[in-house]
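Observations on chain architecture
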Amino acid sequence: MALLCLLYAFIAGFLGNVPAKPILHETIRNIYFHVAMWFCMMIFFIVSVVYSIKYLRNNKQINDIYALEFANTGILFGMLGLTTGAVWAKYTWGAFWSNDPKQLGAAIALLIYFAYLVLRNSITDIDKRSRISAVYNVFAFFMLFPTIWIIPRLMESLHPGGMGNPALNSQDIDSRMRPIFWFGAIPGWALLGTWVATLRIRFKFLEEKKLSNG
């Protein structure tokens, strides 16, 4: 299913018609990659924090593993989103990085999640690591709102969405692009990320089973 959705997003995304927007021109097709990856990042971070909360409620180690691997997948998509955004910025703003509020906010948000991984690796006791990491994961998730969704929207920005303007509206993505974005790119990348997270979770279970048997 992920392959079919992504094939649709790639083929229709590259060959389909797009609105003739000033400055953006053909680069608007990056919406199927850059914006979709940010959407998926949020999906995986939501799933991760849900499992962290479940761990805090029942102390089941399986929930901590799910929280970790979905956070890892969210970080991966966040890095891909930041990279595709930098490439887009080069062609529209003239530089890969311009210290735009949204760029800075996204970088800070990802650093907070990288700190989550560093924190986990610094604690050897499994139960203590899982509990502290779960609490930190809740904190990291709620920090997404000021760093990505609130503060950048209150400031002047080269990026759409500055000063309270909608970042994705009917003028930016029209009826030709909307089906590809919502029914191809978003589910395609999300399903691919879920498959990656599931593989990592299975590998984690096999690793723990091997350690317990050894």
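Please refer to the structure higher up on the page.
Everything numeric in this text was worked out from a predicted model, so none of it was measured.

**Some thoughts on a nonpolar patch on the surface**
- On the surface, Met-1, Leu-3, Leu-4, Leu-7, Phe-10, Ile-11, Phe-14, Leu-15 and Leu-191 cluster together to form a nonpolar patch covering roughly 980 Å² of accessible area.
- With respect to the helices and strands, Leu-3 occurs in helix α1 (residues 2-15).
- The exposure class assigned to Leu-3 is exposed, which follows from its relative accessible area of 61%.

**A look at the nonpolar core**
- Ranked by size, the top nonpolar core spans 48 residues in total, and within it Ile-31, Met-41, Leu-144, Phe-181 and Trp-189 carry the most contacts.
- Among the elements of the structure, α1, α2 (34-58), α3 (61-92), α4 (101-122), α5 (126-154) and α6 (178-213) are those that each provide at least two residues to this core.
- The leading source of residues in this core is α2, at 10 residues.
- Setting aside residues up to four positions removed in sequence, Leu-144 forms contacts with Met-42, Phe-45, Ala-109, Tyr-113 and Trp-149.

**Examining unusual backbone geometry**
- You will see that Asn-59, though not glycine, has its phi angle at about 60 degrees, which is positive.
- One can find Asn-59 in the loop between α2 and α3.
- The partly exposed category is assigned to Asn-59, whose relative accessible area is 44%.
- Phi angles above zero are rare outside glycine, and Asn-99 is one such case at about 55 degrees.
- For Asn-99, a relative accessible area of 51% puts it in the exposed group.

**Observations concerning the packing of aromatic side chains**
- In this structure the tally under the stated criterion is 19 aromatic pairs.
- Where Phe-10 meets Phe-14, the ring centres are 6.1 Å apart and the plane angle is 50 degrees; that geometry is what we call tilted. With Phe-10 and Phe-14 both in helix α1 and 4 residues apart, the pair spans about one turn of that helix.
- Overall, Phe-14 belongs to the partly exposed group, its relative accessible area being 47%.
- With 5.2 Å between their ring centres and 80 degrees between their planes, Phe-10 and Phe-33 make a pair best called edge-to-face. Taken as a pair, Phe-10 in helix α1 and Phe-33 in the loop between α1 and α2 lie far apart in primary sequence, 23 residues in all.
- By relative accessible area, Phe-10 is classed as partly exposed at 34%.
- What makes Phe-33 buried here is its relative accessible area of 13%.

The rules we used
Residues numbered from 1 in each chain as written. Predicted model: local features only at pLDDT ≥ 70, side-chain atom pairs only at ≥ 80, totals over all residues. Heavy atoms only, no water. Patch = residues over 30% accessible without salt bridge, like charges linked within 9 Å, V, L, I, M, F, W, Y side chains within 5 Å. Areas by Shrake-Rupley, 256 points an atom, 1.4 Å probe, with all protein chains shown as cover. Salt bridge = Lys/Arg side-chain N within 4 Å of Asp/Glu carboxyl O. Helix = DSSP H or I, 4+ residues; strand = E, 2+ residues; numbered from the N terminus. Buried < 20%, exposed > 50% of the residue type's maximum accessible area, 1.4 Å probe, protein only. Core = buried A, V, L, I, M, F, W, Y, C linked by side-chain atoms within 4.5 Å. Contact = heavy atoms within 4.5 Å. Phe/Tyr/Trp six-rings, centres within 6.5 Å; stacked < 30°, edge-to-face > 60°.

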